[in-house]
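# Per-entry structural report
Each chain, letter by letter, is given below.
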Amino acid sequence: MTELLLIRHGLPLAGVFDPGLSPEGIAQAEHLAAWLGHEDLDALYVSPYRRARETAAPLERLTGMTATVLDDLREWDTDVSHPYTPPEQIGADDPRAAALAEGRFEDFVPELDRDAFRARAVRAVHTILDAHPGGRVAAVCHGGITNTYLATVLGLSTMFWFHPDYTSVSRVRRMPGGRVVLHSVNETAHLIADRAVDAGTAA
């Protein structure tokens with residue numbers, strides 16, 4: 001069995017081209033690293049966007065691994081001619097804010113080439129799974145990638161069906177026969193608790 005942890009980046013700065021993490025996002029990334037540091041990860045992948053790379057950085061330091069940058073893990077916002085605004089901070093008069101508030105996630109990016117984006121999300125995940133048979137791997141990416149791949153696993157026609165929290169973890173497992181199954185969605189315990197470690201395994 002191969003397990004893949006799909007992780008959304010931390011809260012980014014607003015109004016910045018290819019933003020890094022906000023102070024809150026940095027704290028989220030540190031909590032994530034402390035939580036996942038006991039999971040015996042075999043590899044770490046990351047989107048090329050700065051908000052994802054900065055989210056992965058504490059985990060890289062803790063594990064001693066260097067994340068592999070995988071371009072297919074990038075989000076849909078490939079137009080860097082405009083400053084990035086986190087979805088939750090979009091102005092109330094913007095139709096996208098209403099779509100988000102009402103759970104109409106598909107309407108948030110109506111211009112998106114959905115077939116191409118789905119194909120890229122699937123290609124990214126399968127590239128990782130193929131490279132690490134029998135391993136446990138983490139990929140720091142984006143809400144759209146996680147949404148789309150999990151929707152594909154579940155056989156949903158809707159690509160964007162939930163709103164992942166910042167630094168949330170969703171897990172899929174490729175079974176020995178090749179079938180990929182959903183194991184968990186939107187884990188956020190690391191944001192509110194410390195992880196218990198067995199006394200026999202603690203350093």
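As shown above, the structure is provided for reference.
Predicted, not measured: the structure shown is a model, and the values here were computed from it.

### Here's the deal with the overall build of the protein
Tallying secondary structure elements over the protein gives five helices and six strands in all. Helices and strands in the protein line up, N terminus first, as β-α-β-α-β-α-α-β-α-β-β. Here the C-alpha radius of gyration of the protein, 17 Å, is about what a compact globule of 203 residues would show, namely 17 Å. Principal axes of the C-alpha set define a box for the protein whose edges measure 55 × 40 × 25 Å. Looking at the protein as a whole, 47% of its 203 residues are labelled buried. Put simply, of all contacts in the protein between residues at least 6 apart along the chain, 70% involve residues at least 24 apart. Looking at the protein as shown, the accessible area adds up to about 9700 Å², and 53% of this sits on carbon and sulfur atoms. The average position of the 18 basic charges and that of the 28 acidic charges among the side chains of the protein differ by 4 Å.

### Observations concerning helix 1 (residues 23-36)
End to end, helix 1 covers 20 Å across 14 residues, agreeing with the expected 20 Å (1.5 Å per residue, within 8%). Those residues of helix 1 not exposed but buried are Gly25, Gln28, Ala29, Leu32, Ala33, Trp35 and Leu36. Along the axis of helix 1, the buried positions cluster into a sector of 160°, meaning they face one direction only. On its buried face, helix 1 is in contact with strand 1 (2-8), helix 2 (50-63) and strand 5 (169-174).

### Overview of the side chain of Thr148
Its place among the elements puts Thr148 in helix 5 (residues 143-154). Note on Thr148: relative accessible area 0%, which makes it buried. Here Thr148 is in contact with Phe117, Arg118, Ala121, Met159 and Phe160, once residues within four sequence places are set aside.

### Structural notes on the sheet that holds strand 4 (residues 136-141)
Sheet architecture is open: six strands sit in the order 3-2-4-1-5-6, paired in mixed fashion. Of all strands in the sheet, those bounded by a partner on one side alone are strand 3 (68-69) and strand 6 (180-187). One ladder, built from two bridges, connects strand 2 (residues 43-46) with strand 3; its direction is parallel. Looking across to strand 3, one finds that Tyr45 is bridged to Thr68. Contacts from helix 4 (residues 114-131) reach strand 1, strand 2, strand 4, strand 5 and strand 6 within the one sheet, and its direction differs from that of strand 1 by about 140°. Lying on the sheet, helix 5 is in contact with strand 1, strand 4, strand 5 and strand 6; it crosses strand 6 at an angle near 140°.

Rules of the game
Residues numbered from 1 in each chain as written. Predicted model: local features only at pLDDT ≥ 70, side-chain atom pairs only at ≥ 80, totals over all residues. Heavy atoms only, no water. Helix = DSSP H or I, 4+ residues; strand = E, 2+ residues; numbered from the N terminus. Rg over C-alpha atoms; globule rule 2.2 N^0.38 Å. Buried < 20%, exposed > 50% of the residue type's maximum accessible area, 1.4 Å probe, protein only. Contact = heavy atoms within 4.5 Å. Areas by Shrake-Rupley, 256 points an atom, 1.4 Å probe, with all protein chains shown as cover. Lys, Arg positive; Asp, Glu negative; His and termini not counted. Charge placed at Lys NZ, Arg CZ, Asp CG, Glu CD. Expected span 1.5 Å × (residues − 1). Arc of directions from axis to C-beta. Pairing = 2+ DSSP bridges. Axes fitted to C-alpha atoms, helices over the stretch in contact; angles between N-to-C directions.

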